[in-house]
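In case you want the letters, here they are:
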Amino acid sequence: VMAYTIAPRPPADLGALLPMESSLYPGSSEEGPVTVRTGRAEQGDLCRARELLNLAIDEGLSYPYEHPMDEEGFSSYFLSHEAFVAKVVADGRFMGSMDGRWQTDGEVVGVFYIKPNFPGRCDHICNGGFVVAPAFRRQGVGRLLGTQFLKLARALGYEAAFFNLVFEDNEASVRLWRSLGFETTGRVPRAARHKSGGYQDALQMRYDLTKLTS
């Protein structure tokens, strides 16, 4: 259930930014860099994107939802405005997965969306949602997606990014957003129930996109 009904924004030309390519160094530096390419989510990406989101929902660490999303729910939530997918680009070698190596060409390493956080006269403030595939966590993917999010959000015309519920117990997320320059503007006491019982607070975090220089 959405608190607001937010109308679609006019299509934006992101041709000057997309696709974004970056080099990451998974595992040991001896393996060399792996190229990750980020672009708009395409039809062939949606099944994997929904699978990753539902996995994150089941983990209960970052999203407020308690039950997995079907195709309609996923489309309404994750695809309502702009959605992006980051994938490994082939370089002629096997890149593995859970054993510390990376997957092969086309493997989705992470997904994120950008959409208005509020309607009408407040729609210059955006929100974002992120999921990193489990096999690619602690490899710099979260920071990569966060950095790309800021650049794309600014290119889409937003003036600020605002996260309503950053669960305080998700220390990796809190640490990431603070390191990227987000400021904590508020706290919601007992915002979320733990799967195992009890509650946790959530932080509200903001980034001033007008100060983004590149």
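Quick notes on the rules
- Residues numbered from 1 in each chain as written.
- Predicted model: local features only at pLDDT ≥ 70, side-chain atom pairs only at ≥ 80, totals over all residues.
- Heavy atoms only, no water.
- 1 Å grid on protein atoms, 1.4 Å probe; cavity = no way out; pocket = protein on both sides within 12 Å on 5 of 7 lines; lining within 4 Å.
- Points joined across faces, edges and corners; volume = space filled by probe spheres on them.
- Helix = DSSP H or I, 4+ residues; strand = E, 2+ residues; numbered from the N terminus.
- Nonpolar A, V, L, I, M, F, W, Y, C, P; charged D, E, K, R; others polar.
- Axes fitted to C-alpha atoms, helices over the stretch in contact; angles between N-to-C directions.
- Parallel < 35°, antiparallel > 145°, perpendicular 65-115°, else oblique.
- Contact = heavy atoms within 4.5 Å.
- Phe/Tyr/Trp six-rings, centres within 6.5 Å; stacked < 30°, edge-to-face > 60°.
- Buried < 20%, exposed > 50% of the residue type's maximum accessible area, 1.4 Å probe, protein only.
- Lys NZ or Arg CZ within 6 Å of the ring centre and 35° of its normal.

**Some words on the layout of surface pockets**
Space inside the second largest pocket adds up to approximately 310 Å³. Looking at the lining of the second largest pocket, the elements with two or more residues in it are helix 1 (46-59), strand 6 (160-167) and strand 7 (183-193). Of the residues forming the lining of the second largest pocket, the biggest block, 3 residues, is contributed by strand 7. Of the residues in the lining of the second largest pocket, the class split is 8 nonpolar, 3 polar and 4 charged.

**Observations regarding the packing of helix 1 against helix 2 (residues 71-78)**
The geometry of a pair of packed helices is captured by two quantities: the angle between their axes and the separation between those axes. At a minimum axis distance of 11 Å, the contact between helix 1 and helix 2 shows a crossing angle of 85°. Relative to helix 2, the element helix 1 is oriented roughly perpendicular. Residues Leu46, Ala49, Arg50 and Leu53 of helix 1 form the contact with helix 2, whose participating residues are Glu71, Phe74, Tyr77 and Phe78.

**Structural notes on the packing of aromatic side chains**
Tallying each qualifying case throughout the model produces 17 aromatic pairs. Their ring planes at 65° and their centres at 5.2 Å tell us that Trp177 and Phe182 sit as a pair that is edge-to-face. On the basis of relative accessible area, Trp177 is assigned to the buried category, the value being 5%. On the basis of relative accessibility, which here comes to 5%, the residue Phe182 falls in the buried class. Note that Arg9 overlies the ring of Tyr158, its terminal NZ or CZ placed 4.0 Å from the centroid. Its guanidinium or amino end placed over the ring of Tyr113, Lys115 lies 4.5 Å from that ring's centre, counting from NZ or CZ.

Any functional reading would require information beyond the geometric quantities listed.
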